[in-house]
Structure formats: C-alpha cells, structure tokens
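Chains, contacts and geometry: an overview
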Amino acid sequence: MFYHLLKYVLLGPLLRLLFRPRIEGLEHVPEDGAAIVAGNHLSFSDHFLMPVVLDRRITFLAKQEYFTGPGIKGRLTAAFFRAAGQIPVDRSGKEAGKAAIREGLGVLGRGELLGIYPEGTRSHDGRLYKGKVGVAVMALTAGVPVVPCAMVGTFEIQPPGKVVPRIRRVTIRFGEPLDFSRFAGSADERAVVRAVTDEIMYEILRLSGQEYVDDYAAVVKAEEAEGEPPRKFPRGER
C-alpha cells in the first residue's frame, strides 16, 4: 500500500517533474513473472528513480546500514525502506551473502521483480566495478531472465556524500533480457557463475558507457582510504 502511495502520489510525480528521466528500453522489462533487474549503482537516488519509471513493483536488496542508522535520520530512513518493502542485506561475509541470496530467491519465487546492484555498493568515482556472483546464483537457481539496467547521470546529480541532489535530467536505460537457461543446474559451479556475472556486467557496461574496473568496488575504496593511489584502467577493460 505504502509503496504505491509513494510511487504514484507522494514521491513519484515529484521525481518525474524534477529529473525528467529519459526512459529507454522499458519494453525489455517483462510485464509479469519473475525476473531480475541488475543495474549499476552510482547514487542514493538510484533507489528511487528506477522504481518510478517501472510499470511493475520492484523489490531491492538494500544494504543493512539503511535500516540501522543512528538518530532521527537513521530511524526515518529505516522506516522508509521497510514501508517500501525493501529487504535489508548484511554484507559482512559469506554466510551473510547466502542469507541475501535466500531473500532474493524468495522474491523471485513469488513471481516478482527483484532489483539488485551486482557491484555490491555504490561507485565512489563513477566507474563500473566487478560484479559479485550472487546475481548469477539467483538467476540460475530460479531460472529467471536478467534485465541489465544503466543509470546515466545519477552520479552527477548526487555523488556519494552529497545529501541534496542537483536538479538535472537523467537517463534510465534497460537492455534486452539475458537468458541463461543454457547453464541450468550450474548455480554451484564457480566458473559458470563468474562467467554469467561477467556477461551481465558487460551488458551494463555497454548500456552505461562507464569506465570498467576489474576489481571489487569495496576493495578499491579500502585501498584508497589507506592512501594508495587510484587505479588506472583503460576504458572498457574487463
């Protein structure tokens, strides 16, 4: 109930008015049935702008920190994400990752649309980072298509650390669904899930035009926080 109130009354019309999103490839998102929408993650605004343009409800796996923040702001953020039906994900380790996969499979098992950011965190510099394999495990286990999605311009309106977004037009681009039925029964094969994840990330890269970094965003963030110089990668390197 609250999800639809936000989307169609309280928040959605305002976001459409302010950011005038260009929507490309919306016809690629299935009208019904379970599917995964896998996107790049450039901004806190992504959580709101993608659902606004979709005709269907989408449930995201959201980082647990959004539900556990301190103070009034933290409580309001947690209440908002819970009311919108988003699922908290603990990113602290392997077992936590398995729990997130179980939650995602539950959404898909109900025939719903699941949103996921395979990078596992927001890009801190606008580049596209290596995807984590959970998206592939869920796609192969549930036997569902993956729709790649590129958010374009959201880093510029609200990069990490900026609270109030700039008012600029953004583009949300959906690619053709990726069918991995040829890998049915291979969700526990490391090489297969890595290859499927890389294929998904390549399609996101193709849609977004970002520079690609063949390492995990969290690793690069940690290195830079320790004073190591930013890595340089040729555009599109995989």
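Here is a short report on the structure shown in this document. (Residues numbered from 1 in each chain as written. Predicted model: local features only at pLDDT ≥ 70, side-chain atom pairs only at ≥ 80, totals over all residues. Heavy atoms only, no water.)

**With respect to the nonpolar core**
- Counting residues in hydrophobic clusters, the biggest one holds 30 residues, and the most contacted among them are Ile 36, Met 138 and Ile 200.
- For this core, the elements supplying multiple residues, two or more each, are β2 (35-39), β4 (87-89), α6 (94-109), β5 (113-116), α7 (134-142) and α9 (190-208).
- Sorting elements by how many residues they give to this core places α9 first, with 7 residues.
- Sequence-distant contacts of Met 138, defined by excluding residues within four places in its chain, comprise Ile 36, Leu 61, Ile 101, Gly 104, Leu 105, Leu 108, Leu 114, Ile 116 and Gly 143.
- Of all hydrophobic cores here, the second largest spans 23 residues; its members include Leu 15, Ile 58, Phe 60 and Ile 157. (Core = buried A, V, L, I, M, F, W, Y, C linked by side-chain atoms within 4.5 Å. Buried < 20%, exposed > 50% of the residue type's maximum accessible area, 1.4 Å probe, protein only. Helix = DSSP H or I, 4+ residues; strand = E, 2+ residues; numbered from the N terminus. Contact = heavy atoms within 4.5 Å.)

**What about the pairing of strand β3 (residues 58-63)?**
- The buried fraction of β3 amounts to 5 of the 6 residues, a majority that puts the element mostly inside the structure.
- Taken together, the 3 bridges between β3 and β5 define a ladder with parallel strand orientation. The residue of β5 that forms the bridge with Phe 60 is Gly 115.
- Bridging between β3 and β4 involves 3 bridges; their strand directions are parallel. Counted as the bridge partner of Ala 62 is Pro 88 from β4. (Pairing = 2+ DSSP bridges.)

**As for the packing of helix α2 (residues 12-19) against helix α3 (residues 46-53)**
- At a closest axis distance of 10 Å, the pairing of α2 and α3 adopts a crossing angle of 100 degrees. For the element pair α2 / α3, the angle class is roughly perpendicular. On the side of α2, the interface is formed by Gly 12, Leu 15, Arg 16 and Phe 19, while α3 contributes Phe 48, Leu 49, Val 52 and Val 53.
- Classifying every residue of the contact of α2 with α3 by side-chain character gives 6 nonpolar, 1 polar and 1 charged. (Axes fitted to C-alpha atoms, helices over the stretch in contact; angles between N-to-C directions. Parallel < 35°, antiparallel > 145°, perpendicular 65-115°, else oblique. Nonpolar A, V, L, I, M, F, W, Y, C, P; charged D, E, K, R; others polar.)

**With respect to unusual backbone geometry**
- Despite not being glycine, Arg 20 has its phi angle at roughly 40 degrees, a positive value.
- Tracing the backbone shows Arg 20 in the loop between α2 and β1 (22-24).

**With respect to α2**
- Considered for burial, the residues of α2 that qualify are Gly 12, Leu 15 and Phe 19. Seen from one end, α2 has its buried residues packed into an arc of 65 degrees, which puts them on one side.
- At its buried positions, α2 is contacted by α1 (2-10), α3 and α8 (154-157).
- Two residues or fewer after α2 comes Arg 20, characterised by a positive phi angle close to 40 degrees. (Arc of directions from axis to C-beta.)

**A word on the side chain of Arg 127**
- As for its position among the elements, Arg 127 is in the loop between β5 and β6 (128-129).
- On the basis of relative accessibility, which here comes to 9%, the residue Arg 127 falls in the buried class.
- A polar contact of 2.9 Å, which involves the side chain of Arg 127, links it to the side chain of Asp 125. (Polar contact = N/O pair within 3.5 Å; in protein donor to acceptor, adjacent residues only side chain to side chain.)

**Structural notes on the pattern of salt bridges**
- Scanning the entire structure with this criterion turns up 7 salt bridges.
- A salt bridge links Glu 24 to Arg 173; the nearest nitrogen and oxygen atoms lie 2.6 Å apart. A residue pair is termed long-range when its members are at least 10 positions apart, and Glu 24 in strand β1 and Arg 173 in strand β8 (residues 171-174) qualify at 149 residues.
- A salt bridge links Arg 194 to Asp 198; its shortest N-O distance comes to 3.0 Å. (Salt bridge = Lys/Arg side-chain N within 4 Å of Asp/Glu carboxyl O.)

**With respect to the sheet that holds β3**
- Read from one edge of the open sheet, 7 strands run β1-β8-β7-β2-β5-β3-β4, paired in mixed fashion. The sheet is open, and its two edges are formed by β1 and β4, each paired on a single side. Pairwise comparison of adjacent strand axes, ignoring direction, gives a mean angle of 25 degrees for this sheet.
- Sheet topology places β1 next to β8; 3 bridges connect them, and they run parallel. Its bridge partner lying in β8, Glu 24 is registered against Arg 173.
- Together, β1, β2, β3, β7 (146-152) and β8 form the strand contacts of α3, whose direction differs from that of β8 by roughly 60 degrees.

That is the geometry; function is a separate question.
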